[in-house]
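An overview of the molecular structure
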Amino acid sequence: MYSLKIIFSKHKTFSFSYLFTMILSTLQSVFVTVFLPGIVLNYLLNDKGILVPLILLGVSGLLAILVQIVDKTCQDYIYPATNKRFRSYIEKEIFKAASKIELEKYDDPEFYNQYTWALDGVDRRLTNISVGLTDIITAMISIFTVSFYIFTIDPLILLFVVFALLVYSLTSIIIIRIRIRNNEKLKIISREEGYYVRVLYL
């Protein structure tokens, strides 16, 4: 909760712009891959004319262009500027706290490991929390819209989709935990090497 408080108070421009971009991209993708083919086929198979399908194809093209423009603007201008400001804020807070610590503490390998852990990409880790939260929100939007569409066709099919999502979620959680555990082990080894290099250099 503390991390989310920092993100939404000091990194809100990035968080909301990224959330808006991803929701827009998700809705455009769901519309093009799920709803649009069904609508077009329905009109063509029932001889209802091609005017509405052509209009919808034009709308989907405009949506794709809009998504690209918004994403390009965020990638080139908004994200770099907001990430730089956020990184400066986080580093300032860490160095402010570090200045109150006695110098002898830095010769303690355990303390030095924890200190470098805090410095190593803390802004990136907090940003990843925002990105992960946004991914969850957009995934839920995609799942609910697709599930609703499938439910209108045949409720039984929805059971197979839910089962597949559960299996995918469980395997993803296991893989993520393994990756996090391995990264933590590698970072500890790397920091120990950095500590000994620093001691030998001094």
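Residues numbered from 1 in each chain as written. Predicted model: local features only at pLDDT ≥ 70, side-chain atom pairs only at ≥ 80, totals over all residues. Heavy atoms only, no water.

Right, let's talk about the overall build of the protein for a bit. Across its full length, the protein carries 6 helices and 0 strands. When the elements of the protein are put in sequence order from the N terminus, they spell out α-α-α-α-α-α. Contacts in the protein between residues far apart in sequence, at least 24 positions, make up 78% of those at least 6 positions apart. Carbon and sulfur atoms form 69% of the exposed surface of the protein, whose accessible area is close to 14,400 Å². (Helix = DSSP H or I, 4+ residues; strand = E, 2+ residues; numbered from the N terminus. Contact = heavy atoms within 4.5 Å. Areas by Shrake-Rupley, 256 points an atom, 1.4 Å probe, with all protein chains shown as cover.)

Tallying each qualifying case throughout the model produces 1 salt bridge. Here Asp76 ties to Lys72 by a salt bridge, and the two come within 3.3 Å at their closest N and O atoms. Linking Asp76 with Lys72, this pair stays in helix α3 (residues 51–98), spanning 4 residues, or about one helical turn. (Salt bridge = Lys/Arg side-chain N within 4 Å of Asp/Glu carboxyl O.)

Judged by nonpolar contacts, Phe14, Tyr18, Leu24, Val67, Val70, Cys74, Tyr79 and Val131 together constitute the single largest core of 8 residues. Every element with two or more residues in this core is listed here: α2 (12–45) and α3. In terms of residues, this core owes the most to one element, α3, which gives 4 residues. If we ignore the near neighbours within four places in the chain, the residues touching Val67 are Leu24, Ser25 and Gln28. (Core = buried A, V, L, I, M, F, W, Y, C linked by side-chain atoms within 4.5 Å. Buried < 20%, exposed > 50% of the residue type's maximum accessible area, 1.4 Å probe, protein only.)

Our next topic: α2. With 34 residues, α2 extends 48 Å from end C-alpha to end C-alpha; this agrees with the ideal 50 Å at 1.5 Å per step. Along α2, the helix axis deviates most sharply at Phe35, where the bend reaches about 40°; the proline Pro37 sits within four residues downstream. Two residues or fewer past α2, Asp47 is found with a positive phi of approximately 50°. (Expected span 1.5 Å × (residues − 1). Bend = angle between axes of the 7 residues up to and from the residue.)

Attention now goes to the packing of aromatic side chains. A full pass over the atoms with the stated rule returns 1 aromatic pair. Between the aromatic rings of Tyr18 and Tyr79, the centroid separation amounts to 6.1 Å while the plane-to-plane angle is 55°, which identifies the pairing as tilted. A residue pair is termed long-range when its members are at least 10 positions apart, and Tyr18 in helix α2 and Tyr79 in helix α3 qualify at 61 residues. Its relative accessible area of 7% is what places Tyr79 among the buried residues. (Phe/Tyr/Trp six-rings, centres within 6.5 Å; stacked < 30°, edge-to-face > 60°.)

As for its position among the elements, Thr82 is in helix α3. What makes Thr82 buried here is its relative accessible area of 6%. A polar side-chain atom of Thr82 sits 2.8 Å from the main-chain carbonyl oxygen of Ile78. (Polar contact = N/O pair within 3.5 Å; in protein donor to acceptor, adjacent residues only side chain to side chain.)

A few words on a negative patch on the surface. On the surface, Glu102, Glu104, Asp107, Asp108 and Glu110 cluster together into a patch of negative charge. Looking at the secondary structure, you find Glu110 in helix α4 (residues 109–119). (Patch = residues over 30% accessible without salt bridge, like charges linked within 9 Å, V, L, I, M, F, W, Y side chains within 5 Å. Lys, Arg positive; Asp, Glu negative; His and termini not counted. Charge placed at Lys NZ, Arg CZ, Asp CG, Glu CD.)

Scored by pLDDT, the protein comes out at a mean of 76, with 83% of its residues at no less than 70. At the low end of the mean pLDDT range in the protein sits helix α1 (residues 2–10), at 62; at the high end sits α3, at 83. (pLDDT = per-residue confidence, 0-100.)

Another point: the side chain of Thr21. With respect to the helices and strands, Thr21 occurs in helix α2. Those residues in contact with Thr21 that lie beyond four places of it in its chain are Val70, Asp71, Cys74 and Tyr79.

It is worth spelling out α3 at this point. Along its 48 residues, α3 runs 67 Å from first to last C-alpha, staying within 8% of the 70 Å computed at 1.5 Å per residue. Of all the bends found along α3, the most pronounced is centred on Cys74 and spans about 45°.

A word on the environment of Ser15. Tracing the sequence through the fold places Ser15 in helix α2. By relative accessible area, Ser15 is classed as buried at 3%. Measuring from C-alpha to C-alpha, the distance between Ser15 and Val131 comes to 7.5 Å, with 116 residues separating the pair along the chain.

Two elements in contact, α2 and α3, have axes separated by 9 Å at closest approach and are oriented at 165°. Judged by the angle between their axes, α2 and α3 are roughly antiparallel. Crossing handedness for the pair α2 and α3: left-handed. The residue inventory of the contact of α2 with α3, partitioned by class, reads 22 nonpolar, 8 polar and 1 charged. (Axes fitted to C-alpha atoms, helices over the stretch in contact; angles between N-to-C directions. Parallel < 35°, antiparallel > 145°, perpendicular 65-115°, else oblique. Left-handed = near helix turned anticlockwise from the far one by under 90°. Nonpolar A, V, L, I, M, F, W, Y, C, P; charged D, E, K, R; others polar.)

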